[in-house]
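Spelled out, the chains give:
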Amino acid sequence: MSLYLLNSYHTIEMKQQELHQLSLHFWLDHNLWTWKWWLLLVLTVLPLIIWWKVLEKTKGFEIAFYGSMLSLSALILDVIGSEWDWWAYPVKLLPGIPPFITADSILVPVVFMIVYQHYSLTWKTFFISSFIMAMIVAFLCEPIMIWVGYYQLVKWKLVYSFLYYLLATCIARYLIVKIKRLSSKE
C-alpha cells in the first residue's frame, strides 16, 4: 500500500473516532433519559411482548424467519441510506448500534410478521394485506416518526419506503415458500 493511501486511511480513522465521540456526547446530552428516549425504549420492548402473545407458536420458527429476513434487509438498507445521507436519525436508543434498530428490527418486522401470520395462505391475500400495511407504515407511521423527531428525510421519499416494504415482504415470502417446497420434497 502506498504511503498516500496509508495516510488517507489514517485520516479517515481519526475522523471516524472524532465522529464517534461527537455522537456519544450528543446522545448523552440530548437523547438519554428524554421523553423521546423513553418512548423509543417502550416502542422497542412493547411490540416484542405483543408479538409473543399473539404469535401462533406452531408456526413460530417460520414467522420469526420471515421477520428476520425483513430485519436484515432493513438494517442493510439503513446502513446504506445513512452512509449515503438519504436520511438521518437524531434520536438513538443506544450509541454504537444501528441507528434506528427499533424500527428496523422490531416495529416494522413485528407488524409485518403479524400480517404474515394471518394472511400468508395465498399470494393474493398476502399481497393485498402487505400492500395495505406498507401504505400504513410508509404514509402514516413514518410521518409520525418524522414529526416526533426520530427520523429526518434528506434525499429519500416516503414512496420509496412503501416500495421497499412491499418488495421486501414479497421477497421474504417467496423465499419461505421456496424453502418449504424444497424441504417437503426431501
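The preceding data block contains the structure.
Let me begin by describing the structure that accompanies this report. (Residues numbered from 1 in each chain as written. Predicted model: local features only at pLDDT ≥ 70, side-chain atom pairs only at ≥ 80, totals over all residues. Heavy atoms only, no water.)

Here's the deal with unusual backbone geometry
- You will see that Trp-33, though not glycine, has its phi angle at about 70 degrees, which is positive.
- Residue position: Trp-33 is located in the loop between helix H1 (3–30) and helix H2 (35–54).
- For Trp-33, a relative accessible area of 55% translates into the label exposed.
- In this structure, Asp-85 takes a positive phi of about 60 degrees despite not being glycine. (Helix = DSSP H or I, 4+ residues; strand = E, 2+ residues; numbered from the N terminus. Buried < 20%, exposed > 50% of the residue type's maximum accessible area, 1.4 Å probe, protein only.)

Quick word on the packing of aromatic side chains
- All told, the structure shown has 18 aromatic pairs when counted by the stated rule.
- With centroids separated by 4.9 Å and ring planes inclined at 65 degrees, the aromatic side chains of Trp-33 and Trp-37 adopt a geometry described as edge-to-face.
- By relative accessible area, Trp-37 is classed as buried at 7%.
- Cluster of aromatic residues (ring-pair linked, three or more members): Tyr-66, Tyr-116, Trp-123 and Phe-126.
- Lying over the aromatic face of Trp-52, Lys-57 brings its terminal NZ or CZ to 4.5 Å of the ring centre. (Phe/Tyr/Trp six-rings, centres within 6.5 Å; stacked < 30°, edge-to-face > 60°. Lys NZ or Arg CZ within 6 Å of the ring centre and 35° of its normal.)

What to know about the pattern of salt bridges
- Inspection of the entire model under this criterion finds one salt bridge.
- The closest approach of N and O atoms between Glu-62 and Lys-180, which form a salt bridge, is 3.3 Å. Here Glu-62 is found in helix H3 (residues 60–83), whereas its partner Lys-180 is found in helix H6 (residues 158–185), with 118 residues between them in sequence.
- Classification of Glu-62 by relative accessible area gives buried; the value is 17%.
- Note on Lys-180: relative accessible area 45%, which makes it partly exposed. (Salt bridge = Lys/Arg side-chain N within 4 Å of Asp/Glu carboxyl O.)

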